[in-house]
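Report on the structure
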Protein chains: 2
Amino acid sequence: MGVIDRKEREKVEMKRQILDAARSLFLEQGFEKTSIRNIAEVIEYSAGTIYLYFKDKNEILFALHVEAFSVLMQAMQAGIMGETDPFERLISLGKYYLKYAFENPELYDLMFVMTAPMESLECREEIWCDGERAFETLKLVVGDCMKAGYFEEAENETISVMMWSLVHGLATLHLRRRTMIFPVVKRIKLMEDAYGQFIEILKTYKK
Amino acid sequence: MGVIDRKEREKVEMKRQILDAARSLFLEQGFEKTSIRNIAEVIEYSAGTIYLYFKDKNEILFALHVEAFSVLMQAMQAGIMGETDPFERLISLGKYYLKYAFENPELYDLMFVMTAPMESLECREEIWCDGERAFETLKLVVGDCMKAGYFEEAENETISVMMWSLVHGLATLHLRRRTMIFPVVKRIKLMEDAYGQFIEILKTYKK
DNA sequence: TGCTTTTCTGAACACTGTTCATTATATATG
DNA sequence: CATATATAATGAACAGTGTTCAGAAAAGCA
């Protein structure tokens, strides 16, 4: 039966259309301010049709969430591949993470700040596996640094959480407009400088 | 005319009632899920009445915002007052900041994560003055540390942004449920350990 | 008391996410 | 090809949202 194959393809294609429309609207005007009817209008279907492909609005968000993570993971891999020294890799990993956050602000928001996708999935531990995989990548790099003599008397997980928090803090302070107190042209530079300063301090810790 | 004095008092009292009801509802079920009608129901007035005291829903949020900051400022002052050595003050400041965030998760969210209060005020630079004051406090303490020989060849603002990002990152990763990947009982401890680790590293940087 | 000003209400508007009976289309069978 | 069946799409309906505003109620003043 080639028919059901085609139907399957059409279903996938329709999901794609919905996701593309939803992403563009979410990124443009935010999740809350985008209505199902808005999405339906873009793809030229009625609002009810959306519900034949996605259970609810949150499920659309979650699908975009998964996609966004795969892009972040690629960015992080790029950060790792560019360097051979473990510590340089860690530095580069953070840089690429920040770069991703600043270049994809709404997607970063969706992955690491929004509460909706976390609550839509009933908060089971294994759910946020995309996030976990990204964190495992960080831990791997930190582990290599430790083997190379860095952070000797520290715990891998503690160091990793510290690193993650630092870059996540930089990203979210900016994305959520709390850097308004700084001149507009200096904002991103200040965030990057702070990261650079952190790295400087980390280096002296090697001993 | 004692009458208009009383009327003024009644107006203030009414605003108080609305804010108290709104805070309790916001903290309980979140900003988005709380409706003006919900608030009106609690204070036993019609929904329209709310609009005689606040321009819109965002203005209620902003009023709570101001209150929450005054509490944070007190917490930070407490952190400073407890220590005399500048570096110990900095450590303590961060601890009290984190403590505030973990003990008042929804208020912290409102102050440092939510976008609504930032956008309700048209993004003018001078608007987020409460946040600026808190940051100035941090810069003051960092300045004292520098005078005492810490962070010698660094810039005050850079160091301050780094400190702020670190604690803010720790706070928000937890508040926005991204620590789901860790066992529930270890989550807060992990955040505190990461902060402790950061302080350890900072100490070695003194030199 | 009447008159004015202030305060409050509740209906209305245009919107939201979501459901579901009805209709239209596409596939499979006789 | 015609008919029966399965699938897909619709659009009205529901209960909710923030917000506005004409009119009712209450309070202040003469």
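Further up the page is the structure itself.
Residues numbered from 1 in each chain as written. Chains lettered and ligands numbered in written order. Predicted model: local features only at pLDDT ≥ 70, side-chain atom pairs only at ≥ 80, totals over all residues. Heavy atoms only, no water.

**What to know about the interface of chain A and chain B**
At the interface, 49 residues of chain A touch 49 residues of chain B. Taken together, the two surfaces of chain A and chain B that pack against each other cover about 4,600 Å², and 70% of this comes from carbon and sulfur. The three residues of chain A that bury the most area against chain B are Arg-178, Met-180 and Ile-181 of chain A, which together make up 17% of that side's buried surface. For the interface between chain A and chain B, the tally reads 0 salt bridges. (Contact = heavy atoms within 4.5 Å. Buried area = accessible area lost by both parts, 1.4 Å probe. Salt bridge = Lys/Arg side-chain N within 4 Å of Asp/Glu carboxyl O.)

**Some points on the protein's contact with DNA strand C**
Looking at DNA strand C, there are 20 residues lining it, with Arg-6, Arg-37 and Tyr-51 of chain A together with Thr-49 and Tyr-53 of chain B nearest. In the environment of DNA strand C, a phosphate oxygen lies 2.6 Å from a nitrogen or oxygen atom belonging to the side chain of Thr-49 of chain B. Elements with a contribution of two residues or more to the surface near DNA strand C: helix 1 (2–29) and helix 2 (36–43) of chain A together with helix 3 (47–50) of chain B. Of the residues contributing to the surface near DNA strand C, the split by class is 7 nonpolar, 6 polar and 7 charged. (Near = heavy atom within 4 Å. Polar contact = N/O pair within 3.5 Å; in protein donor to acceptor, adjacent residues only side chain to side chain. Helix = DSSP H or I, 4+ residues; strand = E, 2+ residues; numbered from the N terminus. Nonpolar A, V, L, I, M, F, W, Y, C, P; charged D, E, K, R; others polar.)

**Let's talk about the protein's contact with DNA strand D**
Surrounding DNA strand D, one finds 19 residues, the nearest of these being Ser-46, Thr-49 and Tyr-53 of chain A together with Arg-6 and Tyr-51 of chain B. A share of 66% of the atoms of DNA strand D within 4 Å of the protein falls on sugar and phosphate groups. Separating a phosphate oxygen of DNA strand D from a side-chain N or O atom of Tyr-51 of chain B is a distance of 2.6 Å. Lys-57 of chain B is positioned such that a nitrogen or oxygen atom in its backbone is 3.0 Å from a phosphate oxygen of DNA strand D. Within the residue set of the surface near DNA strand D, elements represented by two or more residues are helix 3 (47–50) of chain A together with helix 1 (2–29) and helix 2 (36–43) of chain B. The element contributing the most residues to the surface near DNA strand D is helix 1 of chain B, with 3 residues. Across the surface near DNA strand D, the residue classes tally to 7 nonpolar, 5 polar and 7 charged.

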